[in-house]
Amino acid sequence: EARAQEGKLIAPPLRLAMRLVPGVGAVDLHVKCDGRDVDADISLIPVVKSDADPSIILGARRGICKNLAVAGAGEPALYKVEAKKFGYRVMEPSTISLRAGECTSVHVAL
């Protein structure tokens, strides 16, 4: 409610509540080493670090992984692919692009 003070109209302080809601996406994940499926723990780490953009820890899940909080607010977001088991190193792709609302196919070779 605005009020008059010394002949001037003064508005009450505005309270802006902003909530960052990450987009939701999915990946169809396949992980192979020397042509065989392996159980390496896979994580997707945002290339651009931000408190609002979490890493995606897929672990040993394979196939279609739904309801993932995807960074980028609708724009494609780049992620580094990491493997965290038995010293596996990701050979390709080392980065992937995810977009909220889409299912991205990811074939990782270790």
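Quick caveat, the model's predicted, so the values are computed rather than measured.

Chemist: How would you sum up the overall build of the protein chain? Please name residues and give values.
Modeler: Across its full length, the protein chain holds 0 helices and 10 strands. Secondary structure elements in the protein chain, listed N-terminal to C-terminal, are β-β-β-β-β-β-β-β-β-β. Expressed as a percentage of the 110 residues in the protein chain, the buried residues total 29%. For the protein chain, contacts bridging at least 24 residues in sequence account for 55% of all contacts bridging at least 6.

Chemist: Please provide a residue-by-residue account of the pattern of salt bridges, values included.
Modeler: In total, this model carries 2 salt bridges according to the counting rule given. When the shortest N-O distance is used, the salt bridge between Lys-32 and Asp-37 registers 2.8 Å. Look at Lys-32 and you get partly exposed, because its relative accessible area is 38%. Look at Asp-37 and you get exposed, because its relative accessible area is 60%. For Arg-99, the salt bridge identified is with Glu-102, shortest N-O distance 3.6 Å. In this structure Arg-99 comes out as partly exposed when scored by relative accessible area, which is 31%.

Chemist: Describe the pairing of strand β10 (residues 103–109), and please don't skip the residues or the numbers.
Modeler: Residues Thr-104, Val-106 and Val-108 point to one face of β10 and are all buried, whereas Cys-103, Ser-105, His-107 and Ala-109, pointing to the other face, are not buried. Two strands pair when backbone bridges link them, and strand β3 (residues 23–33) and β10 are joined in this way by 7 bridges, in the parallel orientation. Residue pairing in the sheet places Leu-29 in a bridge with Val-106 of β10.

Chemist: Break down the side chain of Thr-104 for me, with residues and values.
Modeler: As for its position among the elements, Thr-104 is in strand β10. Classification of Thr-104 by relative accessible area gives buried; the value is 16%.

Chemist: Provide a residue-level description of the sheet that holds strand β5 (residues 42–46), including the pertinent values.
Modeler: Overall, antiparallel pairing links the 4 strands, which are arranged β6-β5-β8-β9 in an open sheet. Each edge of the open sheet is held by one strand with a lone partner, namely β6 (56–59) and β9 (95–98). Averaged over all pairs of adjacent strands, the angle between their axes in this sheet comes to 30°, without regard to strand direction. Across 3 bridges, the pairing between β5 and β6 is antiparallel. Across the sheet, the residue bridging to Ile-42 is Gly-59, located in β6.

Cut-offs applied
- Residues numbered from 1 in each chain as written.
- Predicted model: local features only at pLDDT ≥ 70, side-chain atom pairs only at ≥ 80, totals over all residues.
- Heavy atoms only, no water.
- Helix = DSSP H or I, 4+ residues; strand = E, 2+ residues; numbered from the N terminus.
- Buried < 20%, exposed > 50% of the residue type's maximum accessible area, 1.4 Å probe, protein only.
- Contact = heavy atoms within 4.5 Å.
- Salt bridge = Lys/Arg side-chain N within 4 Å of Asp/Glu carboxyl O.
- Pairing = 2+ DSSP bridges.
- Axes fitted to C-alpha atoms, helices over the stretch in contact; angles between N-to-C directions.

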